[in-house]
Amino acid sequence: MDQVPKHEVSATSLGGDCTYEIPKKCIFSEKDMKSWELSEAYDDYFGFIKAMNEASKAKSLKIDCEISEMTRGILNLLSTLDEWIDQTPPIEQPQRFGNKAFALWYQKCKENSSKLLEDILPRELHPAIVELKEYLTESFGNSTRIDYGTGHEMSFCMFLCCLFKLRIFQEKDSVAVVTRVFNKYLNLVRKLQKTYRMEPAGSHGVWSLDDYQFVPFIWGSAQFIGKPIIEPSMFLQDEIVNKLHQEYMFIGCIKYITEVKTGHFAEHSNQLWNISGLTTWTKVNQGLIKMYDGEVLRKFPVIQHVLFGSILRFQACEKAKFALPMQRKPSAPFSVSTLQLTREAVLSRSQSDADASNKEPGFE
């Protein structure tokens, strides 16, 4: 009789036997894109983006919100990674861009990822680290090319999405996940980009609104919905940028662009220049969500690098079984509660993993 492999579990809420497994790539050609667009992972991930978008509305980065123990744990993890940048200064090299010291920082992050997560996750969820750590370490750039782009940003958002699915984050954490956790991640990757002179991934940031990011423009525009402090036509004004960049993610993105780029804004950031011509933040926000779906989530050069496991699954989504992605009509509006696994399923996985671990102690 075959041995039961480590991490095998039965989670009926997910539709049959599932495993915590090392996530792997499943998109190898343009032909695979249709499967991605109909997958559970696509549905969960895009739903997560929209759920956090709702949580962001009318909320400044300085809003007084609940900071749970788990939120503090993730913030401390990001602080540790930030400290490691200071401990890994750029090296002297002839190349202007792509400082190779980033590879040293990245290796330290990769080697310590399991321990970092073990320190903050409940013990019964340690088996899930085999998946979570892959999304985390892929969030900061490529150590060979020393570049960063929307695919790496997407990996961090998938990491956060997984934490919600596993009920590590609860719905009450949503505001803090955007205004504290994601904003801290954003500051961390900007520090990486500037410290190690990282290149934009892809063709000079063609799949991002600046050279590197996209999601903070979505959630950042949502912050102004229901709180019309400024109109979209005003976000390029120096006075507005200097006054609001620490409170509103969208404005912080504009400030960062002005710090790293020279020349006329309309020339180096034409899409954002065009966005300033829209009349309301609702239109900006809705347009950015549609653009993200079309220009990031449906582009093979980005999605070919996405990893799939038992939390974010490549299998077809039931509610999309007979419909094209743009024709989907979910049975209920997306919310964090629809994303999460049942507590019973999560604990069932963990107990099964613990039992299996006793059979194969050396499995990784």
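Structural data are supplied above this passage.
Before going into details, it helps to say that this report is about the structure given with it. (Residues numbered from 1 in each chain as written. Predicted model: local features only at pLDDT ≥ 70, side-chain atom pairs only at ≥ 80, totals over all residues. Heavy atoms only, no water.)

**Quick word on the overall build of the protein chain**
Put simply, the rule reads: Helix and strand definitions follow DSSP, with helices as H or I runs of at least four residues and strands as E runs of at least two, each counted in order from the N terminus. A 1.4 Å probe rolled over the protein chains alone gives each residue an accessible area, and that area as a share of the maximum for its type sets the label: buried under 20%, exposed over 50%, partly exposed in between. For this analysis, residues touch if any pair of their heavy atoms sits within 4.5 Å. With residues, only the protein chains shown are counted as cover, and all accessible areas are computed by Shrake-Rupley using a 1.4 Å probe.
For the protein chain, the helix and strand inventory stands at 16 helices and six strands. Within the protein chain, the proportion of its 364 residues that are buried is 53%. Look at the contacts in the protein chain between residues 6 or more apart in sequence, and 79% of them connect residues 24 or more apart. Accessible surface computed for the protein chain: about 16900 Å², of which carbon and sulfur atoms make up 50%.

**A short note on the environment of T80**
Its place among the elements puts T80 in helix α3 (residues 69-86). By relative accessible area, T80 is classed as partly exposed at 23%. With 29 residues separating them in the primary sequence, T80 and C109 have C-alpha atoms 9.6 Å apart.

**Some words on the environment of T195**
Within the element layout of this structure, T195 appears in helix α7 (residues 174-195). For the pair T195 and G98, spaced 97 residues apart in sequence, the C-alpha to C-alpha distance is 9.6 Å. Setting aside residues up to four positions removed in sequence, T195 forms contacts with I85 and P90.

**Remarks on the packing of aromatic side chains**
Defined as follows: Paired rings are identified among Phe, Tyr and Trp, the last through its six-membered ring, by centres lying within 6.5 Å, and are further divided according to the angle between planes into stacked (under 30 degrees), edge-to-face (over 60) and tilted (the rest).
If you walk through the whole model with that rule in mind, you get 24 aromatic pairs. Plain terms: the ring middles of Y42 and F46 are 5.9 Å apart, the flat faces sit at 55° to each other, and that makes the pair tilted. With Y42 and F46 both in helix α2 (residues 40-56) and four residues apart, the pair spans about one turn of that helix. Classification of F46 as buried rests on a relative accessible area of 9%. Relative to F169, the ring of F164 has its centre 5.4 Å away and its plane inclined at 45°; by these criteria the two rings are tilted. Assessed through its relative accessible area of 0%, F164 is described here as buried. By relative accessible area, which is 0% here, F169 ends up buried.

**Quick word on the nonpolar core**
Rules: Here, nonpolar core refers to any group of buried Ala, Val, Leu, Ile, Met, Phe, Trp, Tyr and Cys residues whose side-chain atoms link them within 4.5 Å.
Within the largest apolar cluster, 104 residues are counted, with the highest numbers of intra-cluster contacts made by W36, W105, L132 and F250. No other element matches the 10 residues that helix α6 (residues 150-165) contributes to this core. Residues within four places of W36 in sequence aside, it is in contact with I27, A41, Y42, M154, M158, L297, I303, F308 and F314.

**What about the side chain of N183?**
On the secondary structure map, N183 appears in helix α7. Sequence-distant contacts of N183, defined by excluding residues within four places in its chain, comprise L61, V178 and M249.

**Digging into the packing of α3 against α7**
Put simply, the rule reads: Each axis is a line fitted through C-alpha atoms, taken for helices only over the stretch in contact, and angles between the N-to-C directions span 0 to 180 degrees. Any angle that falls under 35 degrees is termed roughly parallel, while one over 145 is termed roughly antiparallel, one within 65 to 115 roughly perpendicular, and all others oblique. The residue classification treats Ala, Val, Leu, Ile, Met, Phe, Trp, Tyr, Cys and Pro as nonpolar and Asp, Glu, Lys and Arg as charged. All others, Gly included, are polar.
Axis separation between α3 and α7 bottoms out at 10 Å; the angle between their running directions is 10°. In terms of axis orientation, α3 runs roughly parallel to α7. Only A176, R180, V181, K184, Y185, L188, K191, L192 and T195 of α7 make contact with α3, whose side of the interface consists of T71, I74, L75, L78, S79, L81, D82, I85 and D86. Taken together, the residues of the contact of α3 with α7 break down into 10 nonpolar, three polar and five charged.

**Some remarks on the environment of Y212**
As a reminder, the rule being used: For the purposes of these results, a polar contact is taken to be a pair of N or O atoms within 3.5 Å, where, inside protein, one atom must be able to donate a hydrogen and its partner to accept one; residues adjacent in sequence count only when each atom of the pair is a side-chain atom.
Among the secondary structure elements, Y212 is positioned in the loop between β5 (199-200) and α8 (215-222). Taking the C-alpha atoms as reference, Y212 lies 9.0 Å from Q193; in sequence the two are 19 residues apart. If we ignore the near neighbours within four places in the chain, the residues touching Y212 are Y148, G149, T150, Q193, M198, E199 and P200. A polar atom in the side chain of Y212 sits 2.6 Å from the backbone oxygen of M198.

**Some remarks on unusual backbone geometry**
Positive phi values are uncommon outside glycine, yet I146 reaches one of about 50°. Mapped onto the elements, I146 comes out in the loop between α5 (129-137) and β4 (147-148). Under the relative-accessibility criterion, I146 is labelled buried at 5%. In this structure, R167 takes a positive phi of about 65° despite not being glycine.

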